[in-house]
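# Chain and residue survey
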Amino acid sequence: MTERASEVDLLTNLRREVERNALRARNGLRYLAGGRFVRTGATPRDLVWHHGKTELWRYRSERRTRRPPLLAYLGLVARSYVFDLFPGNSFVAKLLANGFDVFLLDWGVPDEAEASNTIATYSLELLPRAVEAALDAAEESEITLLGYCMGGCLTLASMGAGGPLPARSLILMATPTDFSKMGDFFEPMRNGSFDPETAIDETGNVPASLVRGSFRVRKPTSDLVVYANLWQNLWNDAYMEGFQAMNEWVNDQVPFPGAAFREFVSEWLIGNGLVNHRLHVGGRKVDLGRIRVPVLCLIAEQDDIVPLAAAEPLPGLLTGADVQTVRLPAGHINLATGRQADRVTIPSIIDFLDRHATPRAA
Amino acid sequence: MAAQQPRWRRAFDSMEEPLRKRLEAAAGSAEFARVLLLLLEGWTAVGKTTRAASTRLLHVANLPAYADLRRLSRQLGALESRVEKIATDLERLSDRLDGSGPRARRAK
């Protein structure tokens, strides 16, 4: 009886492996040929405002039952479609499904025209203008701002410098504040032995390849693991969708505008201005005590880009605000994507927004 | 979970994990960053020297070099952002004057 059972197991396993290898061959060829398994940023949306390369999108929804609207944005070196990665794994789609009116701000891909853009260009000019345009489109007077990673820094810079942002509340995800805790890798930048001009190319910006390289070099075996995972799951169409979307996003950085980079190195990294209360943006002093709206700080405990120690001090710096801190056992990216986002991040955000939102009049 | 992994994967993981820990510790160190920055400086210097030499050669032949095109492109870029800034200022000014802009409407 046992012998018969083991024979059946063997045959079942063999058949499964043959089937999987056939699927591996099919998906492998499709992948190598550049075939698409999934479309990133697929949630329907409309362009409501643009200025230069900066674009403001509003996601279509039949049921905008909650207010105020929510405006999400990243920092300057990553692509905004991480918020709407692919159908079934879209941060935006989940917020829409919960009745929120969602806007997305995309800073665009900078070239020579943006080389002289400073942090103030983004935090004191473009962000307030995008907020105005969003409020106009939504016919509202207040908004919730959701800044992810360096996007959170732009929010802090803007509101701390007294930027005209009619924010009802703020959501700051994986936002670095204490740059002295960013890890030893940044030490040569912090101690001034690195000349930022070295990293700036003839377009006046830090090239995307260098931005990408600075992330990849700190994870030397990540490509090996990615390909091992890929081989193991190549037969699985659902895995391939997630893999392609995520792999594309992870390798899709944009150039860092040169002037903003110089400022970032001197004021944020070397000066550690947020923690030392010495940060100036566009000539205005950044005082985080000016922020008096409710704030949700989402901190990723296993963040390999913004270490926990660099993100942790933020709630303590927001002395004038009602701050709720949620620490998640997540990494930098899966704070907004995947199961971790579904289980913890999005429910935390919805809970926070519910406490500071009002139902929309019919 | 690990027991469900195929044998090749378990072997891969058992090799990758200690290697990753060592390499990440090295890659996250200030020394490694210093070496990288030295390489970057070297690369930038080589690039600048090569470009300067090719620019000189092309200029001798009375031809525009890549550097000239980039310079033009930067100047155009600066002009573009200046025009955009003026457009923004104008928009704000007209908003303030006729009170028809979003901020004015919300204030009403």
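Because the structure is predicted, anything quoted here is derived from the model rather than measured.

## Here we look at the overall build of chain A
- Each helix and strand counted, chain A has 13 helices and 14 strands in total.
- Its C-alpha radius of gyration of 22 Å places chain A within 12% of the 21 Å reference for a compact globule of 362 residues.
- If one aligns the C-alpha atoms of chain A with their principal axes, the spans along those axes are about 80 × 60 × 35 Å.
- The buried share of chain A, reckoned over its 362 residues, is 54%.
- In chain A, 80% of the contacts between residues at least 6 apart in sequence involve partners at least 24 apart.
- As displayed, chain A offers around 14800 Å² of accessible surface, 53% of which is attributable to carbon and sulfur atoms.
- Measuring between centres, the 38 positive side-chain charges of chain A sit 4 Å from its 43 negative side-chain charges.

## Examining the pattern of salt bridges
Residues and elements named next belong to chain A.
- Per the counting criterion, the structure on display carries 32 salt bridges over all chains.
- Glu142 serves as the salt-bridge partner of Arg168, at 2.6 Å between the closest nitrogen and oxygen. With Arg168 in strand S7 (residues 167-173) and Glu142 in the loop between helix H3 (119-138) and strand S6 (143-148), the pair connects residues that are 26 residues apart, well separated along the chain.
- Among the residues examined, Glu142 registers a relative accessible area of 29% and is labelled partly exposed.
- As a salt-bridge pair, Lys219 and Asp304 come within 3.5 Å of each other at their nearest N and O atoms. Highlighted residues: Lys219 in the loop between helix H6 (208-216) and helix H7 (222-233) and Asp304 in the loop between strand S12 (295-300) and helix H11 (308-311), separated in sequence by 85 residues.
- A relative accessible area of 26% places Lys219 in the partly exposed class.
- Taking the relative accessible area as the measure of exposure, Asp304 reaches 41% and is therefore partly exposed.
- Within the structure, one salt-bridge network assembled from shared partners comprises Arg16, Glu17 and Arg24.

## Quick look at the sheet that holds strand S5 (residues 102-106) of chain A
Residues and elements named next belong to chain A.
- With mixed pairing, 8 strands are arranged side by side in an open sheet as S1-S2-S5-S4-S6-S7-S12-S13. At either end of the open sheet lies a strand with only one pairing partner, and these are strand S1 (45-51) and strand S13 (323-328). Strand-to-strand twist across the sheet, computed as the mean angle between neighbouring axes with direction ignored, equals 20°.
- Both strand S4 (residues 70-73) and S6 contribute to a ladder of 4 bridges, which runs parallel. Bridge pairing links Leu70 to Thr144 in S6.
- Packed onto the sheet, H3 meets S1, strand S2 (54-59), S4, S5 and S6 and runs at close to 140° relative to S1.
- Sitting on the sheet, helix H13 (residues 338-356) is in contact with S4, S6, S7, S12 and S13, with an inclination near 165° to S7.

## As for the environment of Arg212 of chain A
All names here are of chain A.
- With respect to the helices and strands, Arg212 occurs in helix H6.
- In sequence terms Arg212 and Gln253 are 41 residues apart; their C-alpha atoms lie 6.0 Å from each other.
- Beyond its immediate chain neighbours, meaning those up to four positions away, Arg212 contacts Asn251 and Gln253.

## Some remarks on the domain arrangement of chain B
Residues and elements named next belong to chain B.
- Partitioning chain B into structural domains gives domain 1 (9-63) and domain 2 (64-108).
- On a C-alpha basis, the centroid separation for the pair domain 1 and domain 2 is 37 Å.
- Each partner contributes residues to the interface: domain 1 has 6 residues there, and domain 2 has 5 residues.
- Surface buried jointly by domain 1 and domain 2 totals about 360 Å² across both partners, of which 67% is contributed by carbon and sulfur atoms.
- When residues of domain 1 are sorted by the area they lose upon contact with domain 2, Thr55, His59 and Leu63 head the list and together hold 67% of the total.
- The tally of links from domain 1 across to domain 2 stands at 0 salt bridges.
- At the junction of domain 1 and domain 2, the tally comes to 1 residue pair in polar contact (both at pLDDT 80 or more).

## Considering helix H9 (residues 258-270) of chain A
All names here are of chain A.
- The axis of H9 is deflected most strongly, by about 30°, at Phe264.
- Of the residues making up H9, those classed as buried are Gly258, Ala259, Ala260, Phe261, Glu263, Phe264, Val265, Trp268 and Leu269.
- Phi turns positive one or two residues past the end of H9, at Asn272, with a value near 45°.

## Things to note about the pairing of S4 of chain A
Residues and elements named next belong to chain A.
- Of the two faces of S4, both are covered, the one formed by Leu70 and Ala72 as well as the one formed by Leu71 and Tyr73.
- As defined by bridge partners, S4 adjoins S5 across 4 bridges and the pair is classed as parallel. In the strand pairing of S5, Leu70 is matched with Val102.
- With helix H2 (residues 91-97) bridging S4 and its parallel neighbour S5, the resulting β-α-β unit is right-handed.

Cut-offs and rules
Residues numbered from 1 in each chain as written. Chains lettered and ligands numbered in written order. Predicted model: local features only at pLDDT ≥ 70, side-chain atom pairs only at ≥ 80, totals over all residues. Heavy atoms only, no water. Helix = DSSP H or I, 4+ residues; strand = E, 2+ residues; numbered from the N terminus. Rg over C-alpha atoms; globule rule 2.2 N^0.38 Å. Buried < 20%, exposed > 50% of the residue type's maximum accessible area, 1.4 Å probe, protein only. Contact = heavy atoms within 4.5 Å. Areas by Shrake-Rupley, 256 points an atom, 1.4 Å probe, with all protein chains shown as cover. Lys, Arg positive; Asp, Glu negative; His and termini not counted. Charge placed at Lys NZ, Arg CZ, Asp CG, Glu CD. Salt bridge = Lys/Arg side-chain N within 4 Å of Asp/Glu carboxyl O. Pairing = 2+ DSSP bridges. Axes fitted to C-alpha atoms, helices over the stretch in contact; angles between N-to-C directions. Domains from an automatic or database assignment. Buried area = accessible area lost by both parts, 1.4 Å probe. Polar contact = N/O pair within 3.5 Å; in protein donor to acceptor, adjacent residues only side chain to side chain. Bend = angle between axes of the 7 residues up to and from the residue. Right-handed = clockwise from strand over helix to strand, strands pointing away.

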